[in-house]
Amino acid sequence: MRNIRAKAVCLFRHDDRVLLAQAFDPKKNEHYLMPIGGGVEFGERAVEAIQREVMEEIQQQICNVQLHQIFENIFTFDGQQGHEIVFVYSADFVSQAVYNMSELCGVESNGACYTAAWYSQTQLDILNDPIYPDGISLLLFPLIEGT
């Protein structure tokens, strides 16, 4: 029996840029981007999960955490079908130094390393890599009222 996974991801924005992790699906031969985050553990609230995941993966504390949306995501990765409920948060880093780093090194729970980088809307348009989960790209650069 397959299970639906609960996941929490976080959008970090600074100076018209958003922080996204770089990833690769070997079966699809596809490079893609995604926000930092991970699974919600049993007995843990999603907001606690995103705080823990950011600390575990990139060793950073966060503050001003706000829930923005919840997505249902049905996908295929590495040839395996997945189904998850994704809690999408935004937050700020406690350490302002993070905003001056062009790249951050992250480590997944399985020990796999990844790189996260700051991207502008123009850079993402040029790169043209998919951004997962589906639909999250609409939240990356919110419209400013009155423009």
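The paragraphs below set out a description of the structure included in this document. (Residues numbered from 1 in each chain as written. Predicted model: local features only at pLDDT ≥ 70, side-chain atom pairs only at ≥ 80, totals over all residues. Heavy atoms only, no water.)

## Focus: the nonpolar core
For clarity, the threshold we go by: What is meant by a nonpolar core is a set of buried Ala, Val, Leu, Ile, Met, Phe, Trp, Tyr and Cys residues, joined one to another through side-chain atoms within 4.5 Å. A simple rule labels every residue: compare its accessible area, found with a 1.4 Å probe on the protein chains alone, to the largest value its type can have, and call it buried under 20%, exposed over 50%, or partly exposed in between. Numbering goes from the N terminus for both helices and strands, where a helix is a DSSP run of H or I of at least four residues and a strand is a run of E of at least two. For this analysis, residues touch if any pair of their heavy atoms sits within 4.5 Å.
Phe-12, Leu-19, Val-54, Phe-93 and Trp-118 are the most contacted members of the largest nonpolar core, which totals 23 residues. Those elements that place two or more of their residues in this core are strand E1 (5-11), strand E3 (17-25), strand E4 (30-34), helix H1 (46-58), strand E7 (80-93) and strand E9 (113-120). Broken down by element, this core gets its largest block of residues, five residues, from H1. Here Phe-12 is in contact with Arg-17, Val-18, Leu-19, Val-54, Ile-62, Ala-91, Asp-92, Phe-93 and Trp-118, once residues within four sequence places are set aside. If you look at the next biggest cluster of nonpolar residues, it comprises 15 residues, including Val-9, Val-86, Tyr-119 and Ile-131.

## Describing unusual backbone geometry
The step from Tyr-132 to Pro-133 runs through a cis peptide bond, and the omega angle for that step is 0 degrees. Turning to its location among the elements, Pro-133 is positioned in the loop between helix H2 (121-127) and helix H3 (137-140). In the Ramachandran plot, Gln-59 falls in the positive-phi region, its phi being about 55 degrees despite a non-glycine side chain. Of note, Gln-59 is situated in the loop between H1 and strand E6 (62-77). Owing to a relative accessible area of 49%, Gln-59 belongs among the partly exposed residues under this scheme.

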